[in-house]
Amino acid sequence: INSACPLDTHRTLQHDSCPGQYPNRVYTLANNNYLTFVTNSKNGYQNNYFLCDNGKCVDYDKVCNLVDDCGDSSDEKTCTNNFQCASTVSDYIPLTQKCDNVID
């Protein structure tokens, strides 16, 4: 995964993660240790989902994209490519725009 985020490696996508999402899931055993799921798409089976703090899941390509896709900012909070503006939870700007004398 190519991401500007130090991803939480302690999160594991379990069989019951992402409730109500991905109805086409197929259950599989991961690392001979726990039950997880993959989804079947036109590109084959995939398991590239980020588990948000609120239980929602988003595709990894939506992590660290300066948009709060999770709804709780967990997909942006540990990213190294952004700056969180003021005290708002969901306003992020690229680091290149931080302190550039432009009000964002």
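Residues numbered from 1 in each chain as written. Predicted model: local features only at pLDDT ≥ 70, side-chain atom pairs only at ≥ 80, totals over all residues. Heavy atoms only, no water.

A.B. asks: Which residues make up the overall build of the protein, and what are the values?
C.D. replies: When you go through the protein residue by residue, the secondary structure sums to zero helices and seven strands. Going from the N terminus to the C terminus, the protein shows its helices and strands as β-β-β-β-β-β-β. Expressed as a percentage of the 104 residues in the protein, the buried residues total 30%. Considering only contacts within the protein whose residues lie at least 6 apart along the sequence, 27% involve residues at least 24 apart. (Helix = DSSP H or I, 4+ residues; strand = E, 2+ residues; numbered from the N terminus. Buried < 20%, exposed > 50% of the residue type's maximum accessible area, 1.4 Å probe, protein only. Contact = heavy atoms within 4.5 Å.)

A.B. asks: Any details on the pairing of strand β2 (residues 34-41)? Residues and values, ideally.
C.D. replies: In this sheet, β2 lies alongside strand β1 (residues 25-30) in antiparallel orientation, the contact comprising six bridges. Its bridge partner being in β2, R25 is matched across the sheet by T39. In this sheet, strand β3 (residues 44-46) lies alongside β2 in antiparallel orientation, the contact comprising three bridges. Along β3, the bridge assignment pairs T39 with Q46. Between β2 and β3, which pair antiparallel in sequence order, lie two residues. (Pairing = 2+ DSSP bridges.)

A.B. asks: Can you explain the sheet that holds β3? Please cite residues and give values.
C.D. replies: With respect to topology, three strands assemble into an open sheet ordered β1-β2-β3, the strand pairing being antiparallel. Single-partner strands in this sheet number two, and they are β1 and β3. Averaged over all neighbouring strand pairs, the angle between strand axes comes to 40 degrees, with direction disregarded. (Axes fitted to C-alpha atoms, helices over the stretch in contact; angles between N-to-C directions.)

A.B. asks: A description of the packing of aromatic side chains should follow, citing residues and the corresponding values.
C.D. replies: Scanning the entire structure with this criterion turns up four aromatic pairs. Taking 6.0 Å as the distance between ring centres and 35 degrees as the angle between the ring planes, the aromatic pair formed by Y22 and F37 counts as tilted. One end of the pair, Y22, is in the segment before β1; the other, F37, is in strand β2, with 15 residues separating them in the sequence. With centroids separated by 6.0 Å and ring planes inclined at 70 degrees, the aromatic side chains of F50 and Y60 adopt a geometry described as edge-to-face. Of this pair, F50 sits in strand β4 (residues 49-51) while Y60 is found in the loop between β5 (57-59) and β6 (82-84), placing the two residues ten residues apart along the sequence. Taking relative accessible area as the criterion, F50 reaches 6% and is therefore assigned buried. Overall, Y60 belongs to the partly exposed group, its relative accessible area being 22%. The rings of Y22, F37 and Y49 are connected pair by pair, giving a single aromatic cluster. In this arrangement the basic side chain of R25 is found over the ring face of F37, its NZ or CZ atom lying 4.0 Å from the centre. (Phe/Tyr/Trp six-rings, centres within 6.5 Å; stacked < 30°, edge-to-face > 60°. Lys NZ or Arg CZ within 6 Å of the ring centre and 35° of its normal.)

A.B. asks: Summarise the state of the cysteines; cite the residues concerned and give the values.
C.D. replies: Evaluated as defined, the whole model comprises three disulfides. For C18, the disulfide goes to C57, at an S-S distance of 1.7 Å. The chirality of the disulfide connecting C18 with C57 is left-handed, given an S-S dihedral of about -75 degrees. Of this pair, C18 sits in the segment before β1 while C57 is found in strand β5, placing the two residues 39 residues apart along the sequence. With its sulfur 2.0 Å from that of its partner, C64 forms a disulfide with C79. Residues C64 and C79 are joined by a disulfide whose S-S torsion is about -90 degrees; by sign, that bridge is left-handed. Linking C64 in the loop between β5 and β6 with C79 in the loop between β5 and β6, this pair joins segments that are 15 residues apart in sequence. Exposure remark for C64: the relative accessible area of 7% places this residue in the buried category. (Disulfide = S-S within 2.5 Å.)

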